[in-house]
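# Reading the structure
Each chain, letter by letter, is given below.
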Amino acid sequence: MSGSAISDLLLSVDGVTIDYSGFKALDNFSMTLNRGETRVVIGPNGAGKSTLCDTIIGRVRPSQGRVLFKGEEIQRLPEQQIVARGICRKFQAPGVLLTLSVRDNLALAARKDRRWWKSFGTGIPADEKLAVEEALESVGLTHRAAVEAGTLAHGEKQWLEIAMVMATGAELLLLDEPTAGMGPAETSRTAQLILGLGDSRTVLVIDHDMSFVEQLAAPVTVMHQGKFLKQGSIAEVRADAEVAAVYLGHTA
Ligand SMILES: Nc1ncnc2c1ncn2[C@@H]1O[C@H](COP(=O)(O)OP(=O)(O)OP(=O)(O)O)[C@@H](O)[C@H]1O
């Protein structure tokens, strides 16, 4: 029982404080993620959601607390070493290379040898080719693989970015507002593709769009003013008076 609980634990954010000259963007914040879990983090503007991702990926350093990935403290490691250990982040704004094809963007993302010129031509290892094709299929962009990424619609660019995060082979995916700028149909499609990952990846999703959060049907962690506020199903969180007061009350 406790043995399997320990081996299932992938990420632990333990009492983390991020202090900007006295302002605490994270304030003694803790949460854990198990392998294969999808978790949604919500909270009003300025709650500290992006700072949480920044902290996990090593972009900001806690003044207190620890971040453990597979049991190893990572909060002092450089970002590239954290990425090498299996965490990858997708930002709000698409960051694809517009003049490359969809497939070449993915080949770059999948590349373990970071010398970019190795990503083209015949030198791509079979496992990376497979990762590219699987990622294309997961996000439904196989038929768009040969087109320049710059010609994709906004939603397709977001899906390409999600595919790029998948193609890295990272075990933990951090998706910061993956539905930014999307309409309802694209938002539903995004929920479907995240659901389609099943328990093959662990996913931390930040989003404001409650219809998207409902479609994901995943456990929700609520943040407020850098602190942990609540955790539960979307229904539990919606029914919580404290959450309604700080967040849902403003969006209903
Ligand atoms: N480099 C910084 N220096 C000072 N304050 C910062 C810095 N980065 C973030 N903050 C502040 O920390 C708080 C948390 O910001 P963060 O971007 O993590 O919130 P968020 O929950 O992601 O908000 P949103 O939903 O608006 O994206 C905000 O008040 C923000 O202004």
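Please read these numbers as outputs of a predicted model, since none were measured by experiment.

Looking now at the pairing of strand S6 (residues 87–90). Alternating residues of S6 divide into Ile87 and Arg89 and Cys88 and Lys90, and every residue in both groups is buried. Sheet topology places S6 next to strand S7 (residues 172–176); 4 bridges connect them, and they run parallel. Residue pairing in the sheet places Ile87 in a bridge with Leu172 of S7.

Let's shift gears to the environment of Thr142. Along the chain, Thr142 falls in the loop between helix H5 (126–138) and helix H6 (154–167). Taking the C-beta count within 10 Å as the criterion, Thr142 has 13 such neighbours and is therefore assigned partly exposed. In this structure, the C-alpha to C-alpha distance between Thr142 and Asp54, residues 88 residues apart in sequence, is 31 Å.

Attention now moves to the site of the ligand. Residues in close proximity to the ligand include Tyr20, Phe23, Ala25, Gly43, Asn45, Gly46, Ala47, Gly48, Lys49, Ser50 and Thr51, which together make up its full environment. Among the elements of the structure, strand S2 (23–34) and helix H2 (49–56) are those that each provide at least two residues to the shell around the ligand. The leading source of residues in the shell around the ligand is H2, at 3 residues. Residue composition of the shell around the ligand, grouped by class: 4 nonpolar, 6 polar and 1 charged.

The next point concerns the nonpolar core. If you look at the biggest cluster of nonpolar residues, it comprises 66 residues, and the most contacted ones within it are Leu106, Ala135, Leu160, Ala163 and Ala167. Top element by residues in this core is H6. It accounts for 8 residues. When near neighbours in sequence (up to four residues on either side) are disregarded, Ala167 contacts Leu106, Ala109, Ala110, Ala131, Val132 and Ala135.

This part takes up H5. In this model, H5 (13 residues) spans 18 Å end to end at C-alpha, consistent with the 18 Å of a helix rising 1.5 Å per residue. Taken as a whole, H5 has its buried residues at Glu128, Ala131, Val132, Ala135 and Leu136. Buried residues of H5, seen end-on, are gathered within an arc of 130 degrees and therefore sit on one face of the element. Exposed residues on H5 whose side chains face more than 90 degrees from its buried face are Ala126, Asp127 and Leu130. For H5, the elements touching its buried residues are helix H4 (102–110) and H6. Immediately downstream of H5, the backbone of Gly140 shows phi near 70 degrees, a positive value.

A few words on the packing of H4 against H6. Where H4 meets H6, the axes come as close as 8 Å, and the angle between the chain directions of the two elements is 35 degrees. Considering the relative orientation of H4 and H6, their crossing is right-handed. In contact with Val102, Asn105, Leu106, Ala109 and Ala110 of H4, H6 contributes Leu160, Ala163, Met164 and Ala167. Of the residues in the contact of H4 with H6, the class split is 8 nonpolar, 1 polar and no charged.

Ordered by their spatial adjacency, 6 strands build an open sheet running S6-S7-S8-S3-S9-S10, and the pairing between neighbours is mixed. Here the strands that pair on one side only, and so sit at the sheet edges, are S6 and strand S10 (227–232). Neighbour to neighbour, the strand axes of the sheet diverge by 20 degrees on average, direction disregarded. Bridge count for S7 against strand S8 (residues 202–206) is 5 bridges, and the pairing is parallel. Note that in S8 the partner of Leu174 across the bridge is Leu204.

Conventions and cut-offs
- Residues numbered from 1 in each chain as written.
- Predicted model: local features only at pLDDT ≥ 70, side-chain atom pairs only at ≥ 80, totals over all residues.
- Buried ≥ 20, exposed ≤ 12 C-beta atoms within 10 Å, placed from the backbone.
- Helix = DSSP H or I, 4+ residues; strand = E, 2+ residues; numbered from the N terminus.
- Pairing = 2+ DSSP bridges.
- Near = placed C-beta within 6 Å.
- Nonpolar A, V, L, I, M, F, W, Y, C, P; charged D, E, K, R; others polar.
- Core = buried A, V, L, I, M, F, W, Y, C linked by C-beta atoms within 7 Å.
- Contact = placed C-beta atoms within 7 Å.
- Expected span 1.5 Å × (residues − 1).
- Arc of directions from axis to C-beta.
- Axes fitted to C-alpha atoms, helices over the stretch in contact; angles between N-to-C directions.
- Left-handed = near helix turned anticlockwise from the far one by under 90°.

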